[in-house]
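# Coordinate inspection notes
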Amino acid sequence: MGNAQRNGNMTALVVRRAAPGYKFSVGETVKVIGDVGKLKSLQVGHGGFVDEMRSILARAGTVAGIDEDGDLRVEFKERTWALNPAAVTPVCYVRVTGDVAELQRLQVGHGGFNEEMRDILGRVVEVTGIADGKDVRVQWEDSVWTVNPEAVTKASADEAEEEEDEENPAEELAKLFLAAALLQAMADRSGSS
């Protein structure tokens, strides 16, 4: 079974996402809006707003239930919140293959491969749309890529959050080099006094 079959119809996801009157489903991944003022106003009559809710701004969670009024119970790692459906949007995450040779092969006829795509190898990325009716548009940090759907597998909100929580090894290495340079400069300065 190919990845496209395992992922379901991503075109349908994007079309449903844009449709007015969208109906959420239990188990669906959603992302909370990132504007605290807007969230506060949307929560009036929908469970209210408390300062702890700042921690879920622009974060993804899973719909754990829908009450009789249509409010969503959205589960995050630390707890579940009652949210106005207007305060969230459906979101889809996928994991890009970690095999550079496979991605290069799969990208032929699907926007091609460029060396900067190495940044998304093995990463969980957010699906932002469908390109040319066949390819998946994904976002990682500030970059948007067009990817062959055969190069991705569906990922959960938990996987996306775990990935965000992970430290970037390149950033950690840069911090170590900076610290070493600062220590050396301090040693040089104290040695020359």
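Residues numbered from 1 in each chain as written. Predicted model: local features only at pLDDT ≥ 70, side-chain atom pairs only at ≥ 80, totals over all residues. Heavy atoms only, no water.

### Let's talk about the overall build of the chain
We apply this condition: Runs of E in the DSSP output that reach at least two residues are strands. Runs of H or I that reach at least four are helices, and both are numbered from the N terminus. Any residue under 20% of the maximum accessible area for its type is buried, any over 50% is exposed, and the rest in between are partly exposed; the area is computed with a 1.4 Å probe on protein chains only. We call two residues in contact whenever any of their non-hydrogen atoms come within 4.5 Å of each other. Per-residue accessibility takes into account occlusion by the displayed protein chains alone, with areas from the Shrake-Rupley method and a 1.4 Å probe.
The number of helices and strands found in the chain is six helices and 10 strands. Counting across all 193 residues of the chain, residues that qualify as buried make up 34%. Looking at the chain alone, contacts between residues at least 24 apart form 62% of all its contacts between residues at least 6 apart. Roughly 11200 Å² of accessible area belongs to the chain as shown, and the carbon and sulfur atoms make up 52% of that amount.

### Examining the packing of aromatic side chains
Threshold: Only Phe, Tyr and Trp rings take part, Trp by its six-membered ring, and two of them pair if their centres are within 6.5 Å. Stacked means planes under 30 degrees apart, edge-to-face means over 60, and tilted covers everything else. Look at NZ for Lys and CZ for Arg. If either is within 6 Å of the ring centre and within 35 degrees of the ring normal, a charge sits over the ring.
In total, this model carries zero aromatic pairs according to the counting rule given. The ring of tryptophan 81 carries arginine 79 above its face, with NZ or CZ at 3.7 Å from the centroid.

### So, the nonpolar core
Spelled out, the test is: In this description, a nonpolar core means a group of buried Ala, Val, Leu, Ile, Met, Phe, Trp, Tyr and Cys residues linked to one another through side-chain atoms lying within 4.5 Å.
The biggest cluster of nonpolar side chains holds 18 residues, and the ones touching the most others in it are Val32, Leu39, Ile56, Phe76, Leu83 and Val88. When sequence neighbours within four positions are dropped, the list of residues in contact with isoleucine 56 reads Val32, Phe76, Glu78, Trp81 and Leu83.

### Considering the side chain of glutamate 28
Our working definition: Between N or O atoms, a polar contact is any pair within 3.5 Å; within protein, one atom must be a potential hydrogen donor and the other a potential acceptor, and residues adjacent in sequence are included only when both atoms are from side chains.
For glutamate 28, the location among the structural elements is in the loop between helix H2 (10–18) and strand S1 (29–32). Looking at glutamate 28, its side chain comes within polar contact range of the main-chain nitrogen of serine 25, at 2.9 Å.

### So, the pattern of salt bridges
Two side chains with opposite charge may pair up if their charged atoms get near one another. What counts here: Whenever Lys or Arg places a side-chain nitrogen within 4 Å of a carboxyl oxygen from Asp or Glu, that contact is recorded as a salt bridge.
Enumeration over the complete set of coordinates arrives at six salt bridges. Of the charged contacts in the structure, one is a salt bridge between lysine 31 and glutamate 126, with a shortest N-O distance of 3.0 Å. One end of the pair, lysine 31, is in strand S1; the other, glutamate 126, is in strand S7 (residues 124–131), with 95 residues separating them in the sequence. For lysine 31, a relative accessible area of 23% translates into the label partly exposed. Between aspartate 51 and arginine 54 there is a salt bridge; the shortest N-O distance is 3.6 Å.

### Digging into unusual backbone geometry
The phi torsion at aspartate 132 lies on the positive side, around 55 degrees, for a residue other than glycine. Relative to the elements of secondary structure, aspartate 132 occurs in the loop between S7 and strand S8 (135–140). Judged by relative accessible area, which is 70%, aspartate 132 ranks as exposed. The backbone phi angle of glutamate 141 is positive, close to 50 degrees, even though this residue is not glycine.

### Describing the pairing of strand S2 (residues 60–66)
Remember that side chains alternate between the two faces of the sheet whenever the strand is regular. How we decide: In this analysis, strands are considered paired if DSSP registers two or more bridges between them.
As paired elements, S1 and S2 share three bridges and run antiparallel to each other. Residue lysine 31 lies in a different strand from S2, and its bridge partner there is alanine 60. The sheet contact formed by S2 and strand S3 (residues 72–75) spans four bridges and is antiparallel. Bridge assignment links glycine 65 to a residue of S3, and that residue is arginine 73. The loop that links S2 with its antiparallel partner S3 comprises five residues; one of these, glycine 70, has a positive phi angle of about 95 degrees.

### Digging into the sheet that holds strand S5 (residues 88–90)
This is how it is decided: Throughout, an axis means a line fitted to C-alpha atoms (over the contacting stretch in the case of helices), and angles, computed between N-to-C directions, take values from 0 to 180 degrees.
Spatially, S4-S3-S2-S1-S5 is the arrangement adopted by the five strands of the open sheet, whose pairing is antiparallel. In the strand order of this sheet, the two ends are held by strand S4 (80–83) and S5, each with one partner. Taken over all neighbouring pairs, the strand axes of this sheet differ in orientation by 45 degrees on average, direction set aside.

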